[in-house]
Structures are given as C-alpha cells and as structure tokens.
Amino acid sequence: MADTLRRAQLVREKLVEILGAGERVEVVKAPGRVNLIGEHTDYNDGFVLPAAVDREIIMAASPRDDDEVHLYALDLNSRSSFSLDRIEPDKQANWSNYIRGVLLLLKERGLPVRGMNAVFSGDVPVAAGMSSSAALEMATGVTAAAIGEFAVDMVELVKVAQAAENNFVGVNCGIMDQFISGLGKRGHALFLDCRSLDYELVPLPSNDEYKIVIANTMVKRGLVDSAYNERRSQCEMGVEILKEYLPGIKALRDVSPADFAKYKDKLPPVVAKRCEHIVFENERVKDSVKALRAGDVEEFGRLMRASHESLRDLYEVSCKELDIMVEAAWEAPGTCGARMTGAGFGGCTVNLVRAEAVDEFVAFVKARYAEETGNDPEIYVCEAEDGAKRLEL
Ligand code: GLA
C-alpha cells in the first residue's frame, strides 16, 4: 500500500507537470494478476482461479473542456494524443491502443466519455504473463467512468476491456485477465465460471503462513500469438467432432472426463491431447477450490503440479525455461506447489511457498535457474490484492 500511495503521488505530480491538470484529478489503480490454476480454460467456457496481485498500474487524469485525449506513459516516456471523434490505432505508441480501444467501446455503448489528460505508470512486468495489458485496460475504464461521472458495472467494464483487446488491439484473449483485474479481492483468489461469469471469492491461506511467489523466466512470450490461436482452433475442432457423439455440447467445458474417455479415439491425436488437457484442467480447478476451502494446501500443490505437467505434455505451451524454473521450485525448500502461469512459451511461474522458507526458496530457484539457463530471473513475492478502483489520496 505504501508503494501504491507513493506511485500515485508521483503520477499525479507528473500529470500536473507534463500535461497539465484542472482542479479535479482522479487517481485509479488496476492490478496485474497471477493465475493459480485453470490455464487455457477461459476460452473453452471453463473455470479459472486467478488472483489480483500487488503489482499494478496507476493512472491519474483530469477532465478537459474539449474532446481531446492527451496521454503520457511515464515509464516509457512516450506521448499519444487523439480526439474522441476519431479514435484510430496509433502505430507508433502501441501502448496507447489499449486505452484507445476501451474509450472507443465505452463511447459506442453510449456512455458519456469525456476528453482528458492522463498519465500512467506501473510495476506490472510487461510481456511476462502478468496481464499488464488487462491492467491498463481496466485502469482506463475506471478512469473514464470517474472523469465522465458515469456509473458502470465492473463486469460490464470487464467485457468492454476484453472486447477492446480482441477487436481493437487484435489479440484474441479470453476473459480471465480483465475479470480478475476488475474484481480481485485482497487475500482471495477468484473462482470464475467463464461461461456464466458467476464467481466466488476463495480465501487464500494467510500471508503469514504462505506466500505467492512469481518467478519470471525473462523469456518474452515470442511464439505466443500464433500458438495461442492454434490451440483455440484445435479446441474448437475437438468440440465439432465430439458433437456428433455428444449432441448439445457447446464447448469443451461440457465434456466430462467419462465422456471424454469414451470418445477420445474419435479425435485426431493432437486434438485429443489438447482436449484432454482442458477437460481435466477444469476438474483440477474445481478440486483446487475444494482443497483451498478445506485448508488442504498439499492437495492444492499436487493439483498445481498436475496442471503444469498437463500444460507441458498435452497442451504443449511450456518451454525449456519454464520447465527448468518449475523443476527448480519442486526441489526448493518450502514449496507447496509450482507451475507455469498464463499463456505460456515464456513469462512466469507461480509458486505457493511456506512463508518461513521464502528467502531460501528465492535463493535456491534463482541460483538453479541461472546455472541451467545463464539468465538471471526476477522473482516477486506477492500478495493477493483488490481489483481496479479509485484511490482517495
Ligand atoms: C492469456 C489470455 C487469457 C488466458 C490465458 C491462458 O493470459 O489473455 O485469457 O487464455 O492466456 O490461460
């Protein structure tokens, strides 16, 4: 929280200094996220269990009297401006497209978006699988509502943010990242049904006992876009074929492990592997919620491990560096569970670690990873935090 307030003060000062601000200044935060379990299930109408973390984007904004939007990305020292009458992608300042997309879609929904000056800064690592883009989108949505003085339901904002990323930025993501950045809660994970958007908050073991540790391989997720889209179409193909035997199914979410066992040999081998991951990953998410509610951290750790193995062997979205980082964690002192998190092909692992052993864990994993890859990883000891909101300074 101390960091949040310091950054918020700084962003506000930069707004006044660089773009100028009137009397009214709104300051908003939106967090990055870590997915504890339930990977690649969101676009299969399935279940996920992410948490918002204490790494966030802070945006400070002040309304203008015209229809212009002037933006400054403090960490990149980059500006972008446009008029609300004509919102088009900016090919130079790519980062601004997340903001442009959200404002355009809010306008298209008839909401009274106003011109503004806005500055933002954050500590969510970029392109690391911690959803810095979802955080920027959600920060934009909450800022636009504060500046335009309109009320909008957080789940609606989440949908707008996802649509902006799909249709304006052109990334075909599911709904998990925006949802958790909008609706996360301190001390909790969020169990989300990605079909109905019903959700439950699941208390995490106390911070004094267990820490969420995120380990960054420092490998930027290179292959991710094409491989992500390929996985999506393989899942869709699986549904098309299985429909002949299981009429009424709409997505892999509707296929039970028993039905899958009956019909899996009707699928081409690669498609069968992809579908098997999804069918059992959904079960693992539901089992994880039960385990966490029962305080059975060991069982949760076992499920995290099974999830990683399935992502590595069946869904094939891990990579050498993620496997090395996870294997190091499995051997490290204090580990309850470890797996890759996010889309894959680089980015981060997530680890649940006994609090008293966290320093040893970090030292062990850092050294092992550096020895085996020659790269220095970054490791973030995190807490589950609240989702996007206005800050009172
Ligand atoms: C990315 C996407 C999410 C989700 C994950 C994989 O983070 O943005 O919607 O599909 O990959 O679980």
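Residues numbered from 1 in each chain as written. Predicted model: local features only at pLDDT ≥ 70, side-chain atom pairs only at ≥ 80, totals over all residues. Heavy atoms only, no water.

**Student:** Can you walk me through the site of the ligand in this structure?
**Tutor:** All residues adjacent to the ligand are Arg33, Glu39, His40, Asp42, Tyr43, Cys173, Gly174, Met176, Asp177, Tyr228 and Ala343. His40 has a polar backbone atom sitting 2.7 Å from an oxygen atom of the ligand. For the ligand, the protein covers 94% of the area, taking 310 Å² as the surface of the free molecule. (Near = heavy atom within 4 Å. Polar contact = N/O pair within 3.5 Å; in protein donor to acceptor, adjacent residues only side chain to side chain. Areas by Shrake-Rupley, 256 points an atom, 1.4 Å probe, with all protein chains shown as cover.)

**Student:** In this structure, what is going on with the state of the cysteines? I would like to understand it.
**Tutor:** What is meant by a disulfide is a covalent connection between two cysteines, made through their sulfur atoms. Summed over the entire model, instances satisfying the criterion amount to zero disulfides. The closest cysteine sulfur to the non-disulfide-bonded Cys173 is located on Cys194, 11 Å from its own sulfur. Free of any disulfide, Cys319 has its nearest neighbouring cysteine sulfur in Cys348, separated by 11 Å. The class for Cys319 is buried, based on a relative accessible area of 16%. (Disulfide = S-S within 2.5 Å. Buried < 20%, exposed > 50% of the residue type's maximum accessible area, 1.4 Å probe, protein only.)

**Student:** Got a minute to help me understand the domain arrangement of the protein in this structure?
**Tutor:** One frequent convention defines the size of an interface as the accessible area lost when the parts assemble. Split into domains, the protein comes out as domain 1 (2-204 + 387-391) and domain 2 (210-382). Distance from the C-alpha centre of domain 1 to the C-alpha centre of domain 2: 26 Å. Taking both partners together, domain 1 and domain 2 bury about 3,400 Å²; carbon and sulfur atoms supply 62% of that area. In terms of surface lost to domain 2, no three residues of domain 1 exceed Ile37, Glu39 and His40, which account for 19% of the buried area on that side. At the boundary of domain 1 and domain 2, one finds four salt bridges. One salt bridge in this structure joins Glu200 and Arg293, with 2.9 Å as the shortest N-O distance. Those elements that place two or more of their residues in the side of domain 1 that touches domain 2 are strand E1 (26-37), strand E2 (47-63), strand E6 (188-193) and strand E7 (199-203). Sort the elements by how many residues they give to the side of domain 1 that touches domain 2 and E2 lands first, with six residues. (Domains from an automatic or database assignment. Buried area = accessible area lost by both parts, 1.4 Å probe. Salt bridge = Lys/Arg side-chain N within 4 Å of Asp/Glu carboxyl O. Helix = DSSP H or I, 4+ residues; strand = E, 2+ residues; numbered from the N terminus.)

**Student:** How do you make sense of the nonpolar core when you look at a structure like this?
**Tutor:** Nonpolar side chains in soluble globular proteins generally cluster together in the buried interior. Ranked by internal contacts, the top residues of the largest apolar core, which has 84 residues, are Leu49, Leu103, Ile214 and Phe300. The leading source of residues in this core is E2, at nine residues. The residues that make up this core include at least three from each of domain 1 (2-204 + 387-391) and domain 2 (210-382). In contact with Phe300, other than residues within four places in its own chain, are Leu36, Ile37, Leu49, Ser288, Ala291, Leu292 and Leu352. (Core = buried A, V, L, I, M, F, W, Y, C linked by side-chain atoms within 4.5 Å. Contact = heavy atoms within 4.5 Å.)

**Student:** Please explain the sheet that holds strand E10 (residues 348-354) as it appears in this structure.
**Tutor:** The strands making up a sheet are joined through hydrogen bonds of the backbone, oriented either antiparallel or parallel. Strand order across the open sheet formed by four strands is E9-E10-E8-E11, with antiparallel pairing between neighbours. Whereas interior strands pair on both sides, the edge strands pair on one side only; in this sheet they are strand E9 (335-340) and strand E11 (378-382). On average, each strand axis in the sheet is inclined to that of its neighbour by 20°, with strand direction left out of account. Of the pairings in the sheet, the one linking strand E8 (residues 210-216) to E10 comprises seven bridges and is antiparallel in character. Among the inter-strand pairings, Lys211 is bridged to a residue of E10, identified as Val353. Its contacts with the sheet put helix H11 (residues 358-373) on E8, E9, E10 and E11, and the angle it makes with E11 is roughly 160°. (Pairing = 2+ DSSP bridges. Axes fitted to C-alpha atoms, helices over the stretch in contact; angles between N-to-C directions.)

**Student:** Looking at this structure, how should I read the pairing of E1?
**Tutor:** As a general feature of sheets, a regular strand has side chains that alternate between the two faces. Most of E1 sits out of view: 12 of its 12 residues are buried. Here 10 bridges tie E1 to E2, and the two strands are oriented antiparallel to one another. The residue of E2 that forms the bridge with Val27 is Ala60. Examined bridge by bridge, E1 and strand E12 (residues 389-390) share two bridges and lie antiparallel to one another. Looking across to E12, one finds that Val28 is bridged to Arg390.

**Student:** Just checking my understanding: could you explain helix H4 (residues 154-169) for this structure?
**Tutor:** Here H4 spans 21 Å end to end across 16 residues, near enough to the 22 Å set by a 1.5 Å rise per residue. Considered for burial, the residues of H4 that qualify are Val155, Leu157, Val158, Val160, Ala161, Gln162, Ala163, Ala164, Glu165 and Phe168. In the stretch just after H4, Gly170 is the one whose phi turns positive, near 90°. (Expected span 1.5 Å × (residues − 1).)

**Student:** Please clarify how the pattern of salt bridges should be interpreted in this entry.
**Tutor:** Opposite charge on two side chains permits them to pair, given that their charged atoms come into close proximity. Summed over the entire model, instances satisfying the criterion amount to 33 salt bridges. We note a salt bridge from Lys159 to Glu156, for which the minimum N-O separation is 3.5 Å. You can see Lys159 and its partner Glu156 sitting in helix H4, three residues apart, about one turn around the helix. Glu156 gets classed as partly exposed once you look at its relative accessible area, which sits at 30%. Between Arg305 and Glu309 there is a salt bridge, and its shortest N-O distance comes to 3.3 Å. Remark: Glu309 and Arg305 occur in helix H9 (residues 297-313); sequence separation between them is four residues, near one turn of the helix. Residue classification places Arg305 among the partly exposed positions, given a relative accessible area of 37%. By relative accessible area, which is 27% here, Glu309 ends up partly exposed. Here the salt bridges do not stand alone but share partners, grouping Arg24, Glu26, Glu149 and Arg390 into one network.

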